[in-house]
Amino acid sequence: MIRNNWTLDDVKEIYDMPLLELVFRAAAVHREYNDTGEVQVCTLLSIKTGGCPEDCAYCPQAARYHTDVKTHGLMKKEEVLQYAAKAKEAGSTRFCMGAAWREVRDNRDFDHVLEMVKGINAMDMEVCCTLGMLNAEQARKLAAAGLFAYNHNLDTSSEYYGEIISTRTYDDRLQTLDNVRKAGLTVCCGGIIGLGETHDDRMKMLQTLSTMPEHPESVPVNALVRIEGTPLAQQPKVDIWDMVRMIATARILMPKAMVRLSAGRQEMSLAEQALCFMAGANSIFAGEKLLTTPNPSFDEDHAMFAMLGLKPREAFKEAKETVPA
Ligand code: SAM
Ligand code: DTB
Ligand code: SF4
């Protein structure tokens, strides 16, 4: 049964279970609701990098921190489509374009992004964007251009949010997510662990996600990638057991969501990633780069899939399954 009324005590009861018991339960839920042999393969591309006015304490792209990210303005459509074609050839079924913007503005750059969305949609890939805040009209325009999903993370609990970002509020985030949902787009929304938050903060974020009237279709769980020059550069490395606990809890709370083992794989062994899949993760970002930081190569991931007996999930699967024969 899919529930949207989880209390914090319910979440705590799951999150605090003995780890192997938690993994066992999550694996059972995963098996009941999803094809456990399948993992969605998504590729990210940063179509506009760096120079962002926001102050997200984890982010290499915030203009105010001195990181060695190479900034560039909006890429040309043709170049973006070439990257998408390469990703498709390597087995990705979702292509996600990220821009270091605070929010979308109604200008020529946005018109170009809409053209990119149309182009990639025509290649029979699920198209996702993460462009910062959107108003209702912009969300509708993206949907009309063929966008499949919009990524907009809550990152952490509402209580801890102000420690990490001061240039926008949690309510701003929720408002964009509402605009996305109302435009008929699927929602990709998750967070980051390792920002200095408590276990309670993690549970609260999971409660917020799992009590949305409709669960996000994808829930990225990112481990902080520590970047020299950002305020969080000196944070300790995220413990694998924390990652597993987070993924397993998300899987139990939101049985049908694609739970994505997102940032942080570069620092994980194959065995550690296998534990995450066991705990219910069924999506990854593939390709040598996330937005600005390294990620395992397509070849390494092919080898991992072969070793673990996993296969990539086809594009638009949910939609295909619900179309009457
Ligand atoms: N600017 C837009 C925004 O913030 O919504 C879109 C791009 S932003 C880079 C997308 C997401 O990447 C952030 O919400 C955050 O969750 C994640 N992210 C950024 N830097 C990260 C890091 N160093 N480690 C882990 N995740 C990170
Ligand atoms: C998400 O949750 N993680 C991705 C994607 N959504 C946009 C981004 C991870 C970024 C990691 C740091 C970087 O490569 O810049
Ligand atoms: Fe800008 Fe997004 Fe990075 Fe925040 S996370 S600084 S909004 S690019």
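Given the structure is predicted, the values throughout are model-derived calculations rather than measurements.

Draft legend 1. Region of the structure containing the site of ligand 2. Around ligand 2, the surrounding shell consists of Leu-44, Pro-60, Thr-130, Asn-151, Asn-153, Pro-220, Asn-222, Phe-285, Leu-290, Leu-291, Thr-292 and Thr-293. A distance of 2.9 Å is found between an oxygen atom of ligand 2 and a side-chain nitrogen or oxygen belonging to Asn-153. Considering ligand 2 on its own, with 410 Å² of exposed area, one finds that the protein chains cover 88% of that surface. Residue classes in the shell around ligand 2 are distributed as six nonpolar, six polar and no charged.

Draft legend 2. How the structure looks around the site of ligand 1. As a matter of local geometry, ligand 1 sits amid 17 residues, with Tyr-58, Asn-153, Asp-155, Arg-173 and Val-225 nearest to it. For ligand 1, an oxygen atom lies 3.0 Å from a polar atom in the side chain of Arg-173. With respect to ligand 1, the backbone of Val-225 contributes an N or O atom lying 2.9 Å from a nitrogen atom. In isolation ligand 1 has 550 Å² of accessible area, and contact with the protein removes 91% of it. Using a 2 Å cut-off from the grid points, one finds that ligand 1 occupies the largest cavity. Residue classes in the shell around ligand 1 are distributed as ten nonpolar, five polar and two charged.

Draft legend 3. The arrangement of helix α11 (residues 298-308) in detail. Where α11 is concerned, the buried positions are Asp-301, Met-304 and Phe-305. Along the long axis of α11, the arc covered by the buried residues comes to 100°, so they all point the same way. The exposed set on the far side of α11, more than 90 degrees from its buried face, consists of Asp-299, Ala-306 and Met-307. Those residues of α11 hidden inside the fold are in contact with β1 (38-48), α10 (270-278), β9 (283-286) and β10 (311-312). The positive-phi residue at the C-terminal boundary of α11 is Gly-309, with phi of around 70°.

Draft legend 4. Spatial organisation of the pairing of strand β2 (residues 94-99). The buried fraction of β2 amounts to six of the six residues, a majority that puts the element mostly inside the structure. Burial along β2 is two-sided: Arg-94, Cys-96 and Gly-98 facing one way and Phe-95, Met-97 and Ala-99 facing the other are all buried. Bridge count between β1 and β2: six bridges; the pairing is parallel. Note that in β2 the partner of Cys-42 across the bridge is Arg-94. Considered for its hand, the β-α-β crossover made up of β1, helix α3 (residues 77-89) and β2 is right-handed. The sheet contact formed by β2 and strand β3 (residues 126-130) spans five bridges and is parallel. If you follow Cys-96 over to β3, its bridge partner there is Cys-128.

Draft legend 5. Quick look at a nonpolar patch on the surface. A contiguous nonpolar patch, built from Leu-270, Met-307 and Leu-308 and spanning about 270 Å² of accessible area, is present on the exposed surface. Position of Leu-308 among the secondary structure elements: in helix α11. On the basis of relative accessibility, which here comes to 30%, the residue Leu-308 falls in the partly exposed class.

Draft legend 6. Summary view of the nonpolar core. Membership of the largest hydrophobic core comes to 95 residues, with the highest contact counts inside it found for Tyr-58, Met-97 and Met-243. Considering each element in turn, this core owes the most residues, nine residues, to helix α9 (residues 240-253). Excluding its chain neighbours within four sequence positions, the residues that come into contact with Met-243 are Ile-193, Val-221, Asn-222, Ala-223, Leu-261, Ala-263, Met-268 and Cys-276. The next biggest cluster of nonpolar side chains, apart from the first, holds eight residues, and it includes Leu-44, Cys-96, Cys-128 and Ala-149.

Draft legend 7. How the structure looks around the pairing of strand β8 (residues 258-261). Burial along β8 is two-sided: the face carrying Met-258 and Arg-260 and the face carrying Val-259 and Leu-261 are both buried. Following the chain from strand β7 (residues 218-223) across α9 to the adjacent parallel β8, one finds a crossover that is right-handed. Summarising the sheet, β8 and β9 pair through two bridges and their orientation is parallel. Looking at the pairing, Arg-260 lines up with Ser-283 of β9. In this region the chain leaves β8, passes through α10 and returns to the parallel neighbour β9; the handedness of that crossover is right-handed.

Draft legend 8. Representation of the side chain of Lys-48 within the structure. Locating Lys-48 in the fold gives a position in strand β1. One buried charge, Lys-48, has no salt-bridge partner; the nearest side chain with opposite charge is Asp-109, at 7.7 Å. A distance of 2.7 Å separates a polar side-chain atom of Lys-48 from the backbone oxygen of Gly-50. Beyond its immediate chain neighbours, meaning those up to four positions away, Lys-48 contacts Gln-61, His-72, Gly-73, Leu-74, Gly-98, Ala-99, Ala-100 and Trp-101.

Draft legend 9. View of the packing of α9 against α10. Close contact between α9 and α10 brings their axes to 8 Å; oriented N to C, the two are set at 20°. Classed by the angle they form, the pair α9 and α10 counts as roughly parallel. Of the two possible hands of crossing, α9 and α10 adopt the one that is right-handed. Mapping the contact onto sequence places Ile-240, Trp-241, Met-243, Val-244 and Ile-247 in α9 and Glu-272, Leu-275 and Cys-276 in α10. Considered class by class, the residues forming the contact of α9 with α10 number seven nonpolar, no polar and one charged.

Parameters at a glance
Residues numbered from 1 in each chain as written. Chains lettered and ligands numbered in written order. Predicted model: local features only at pLDDT ≥ 70, side-chain atom pairs only at ≥ 80, totals over all residues. Heavy atoms only, no water. Near = heavy atom within 4 Å. Polar contact = N/O pair within 3.5 Å; in protein donor to acceptor, adjacent residues only side chain to side chain. Areas by Shrake-Rupley, 256 points an atom, 1.4 Å probe, with all protein chains shown as cover. Nonpolar A, V, L, I, M, F, W, Y, C, P; charged D, E, K, R; others polar. 1 Å grid on protein atoms, 1.4 Å probe; cavity = no way out; pocket = protein on both sides within 12 Å on 5 of 7 lines; lining within 4 Å. Sits in = over half its atoms within 2 Å of the grid points. Buried < 20%, exposed > 50% of the residue type's maximum accessible area, 1.4 Å probe, protein only. Helix = DSSP H or I, 4+ residues; strand = E, 2+ residues; numbered from the N terminus. Arc of directions from axis to C-beta. Contact = heavy atoms within 4.5 Å. Pairing = 2+ DSSP bridges. Right-handed = clockwise from strand over helix to strand, strands pointing away. Patch = residues over 30% accessible without salt bridge, like charges linked within 9 Å, V, L, I, M, F, W, Y side chains within 5 Å. Salt bridge = Lys/Arg side-chain N within 4 Å of Asp/Glu carboxyl O. Core = buried A, V, L, I, M, F, W, Y, C linked by side-chain atoms within 4.5 Å. Lys, Arg positive; Asp, Glu negative; His and termini not counted. Axes fitted to C-alpha atoms, helices over the stretch in contact; angles between N-to-C directions. Parallel < 35°, antiparallel > 145°, perpendicular 65-115°, else oblique. Left-handed = near helix turned anticlockwise from the far one by under 90°.

By themselves, these observations are geometric and do not establish any function.
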